[in-house]
Amino acid sequence: HTIRSGNRWKVGDRFSPRVWGNDVNPKSGRSGPYHSKQIIIAPDIEIKKIWDFEMDLNGVYSIDGKYILGEFNEDEAVEIQLAKNDGFSNPADMFDWFMPNYNKPKSFRGQIICWNENVNY
């Protein structure tokens, strides 16, 4: 799955999986995300499941309004699986991705967009 900001996706929608290239944008002279061309990495995929996802100012996640409290309780396995399914090595890396500026924390609201019918949260 992937986590995206906003609330625009629905089950049955299709999306085009892409990554950013490393080519240099001739206008900005920069490369990488948001500056280079996107590369399509697979055919369009149908969305099978959607969950609302939020991270509050303290870095606490919630999925469809249920808080995932992390370490030392039954939610730790969910937090680890959530990070892994989104391509992170561990929950700490996921936290760092969504909260890159510790001095000015910002909450996040979006959706978990899933194309695998076997994933459940």
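Scroll up a little and you will see the structure.
Residues numbered from 1 in each chain as written. Predicted model: local features only at pLDDT ≥ 70, side-chain atom pairs only at ≥ 80, totals over all residues. Heavy atoms only, no water.

## Quick notes on the pattern of salt bridges
Any two side chains of opposite charge can pair, on the condition that their charged atoms come close. If you walk through the whole model with that rule in mind, you get three salt bridges. Among the salt bridges present, the one from E117 reaches K48, with a minimum N-O distance of 3.7 Å. Taken together, the residues E117 in the segment after strand 9 (108–114) and K48 in the loop between strand 5 (45–46) and strand 6 (49–55) connect sequence positions 69 residues apart. Overall, K48 belongs to the partly exposed group, its relative accessible area being 30%. One salt-bridge network, in which partners are shared between bridges, spans E46, K48 and E117. (Salt bridge = Lys/Arg side-chain N within 4 Å of Asp/Glu carboxyl O. Helix = DSSP H or I, 4+ residues; strand = E, 2+ residues; numbered from the N terminus. Buried < 20%, exposed > 50% of the residue type's maximum accessible area, 1.4 Å probe, protein only.)

## What to know about helix 1 (residues 76–85)
For helix 1, the full list of buried residues reads E79, L82 and A83. Each buried residue of helix 1 lies within a common arc of 95° when the element is viewed along its axis, so the set occupies one face. Among the exposed residues of helix 1, those pointing more than 90 degrees away from its buried face are A77 and K84. Contacts from the buried residues of helix 1 go to strand 1 (2–5), strand 6, strand 7 (61–63), strand 8 (66–68), helix 2 (91–98) and strand 9. Positioned one or two residues after helix 1, G87 has a phi angle of 95°, which is positive. (Arc of directions from axis to C-beta. Contact = heavy atoms within 4.5 Å.)

## Some details on the nonpolar core
Ranked by internal contacts, the top residues of the largest apolar core, which has 17 residues, are I3, F53, L82 and M94. At the level of elements, strand 6, strand 7, helix 1, helix 2 and strand 9 are the ones that each hand at least two residues to this core. In contact with M94, other than residues within four places in its own chain, are I3, F53, Y61, L82, A83 and F88. (Core = buried A, V, L, I, M, F, W, Y, C linked by side-chain atoms within 4.5 Å.)

## Considering the sheet that holds strand 1
Reading across from one edge, 1-9-6-7-8 is the order of the five strands in this open sheet, with antiparallel pairing throughout. Where the open sheet ends on each side, the last strands, each with one partner, are strand 1 and strand 8. Mean inter-strand twist for the sheet, computed between neighbouring axes without regard to direction, equals 30°. Of the strand pairs in this sheet, strand 1 and strand 9 are connected by four bridges, and their pairing is antiparallel. Bridge pairing in strand 9 links S5 to G110. In the packing of helix 1 onto the sheet, contacts are made with strand 1, strand 6, strand 7, strand 8 and strand 9, and the angle to strand 7 comes to roughly 85°. Strands in contact with helix 2 are strand 1, strand 6, strand 7 and strand 9; relative to strand 6, the strand with the most contacts, it is inclined by about 75°. (Pairing = 2+ DSSP bridges. Axes fitted to C-alpha atoms, helices over the stretch in contact; angles between N-to-C directions.)

## Comments concerning the packing of aromatic side chains
Going through the model one piece at a time under the given rule, you end up with nine aromatic pairs. Relative to F15, the ring of W9 lies with its centre 6.3 Å away and its plane at 80°, an arrangement referred to as edge-to-face. Each member of the pair, W9 as well as F15, carries the same accessibility label: buried. An aromatic cluster of at least three residues, connected via ring pairs, comprises F53, Y61, F98 and F108. Looking at R8, its charged tip hangs above the ring of W9, at a distance of 4.1 Å from the centre. (Phe/Tyr/Trp six-rings, centres within 6.5 Å; stacked < 30°, edge-to-face > 60°. Lys NZ or Arg CZ within 6 Å of the ring centre and 35° of its normal.)

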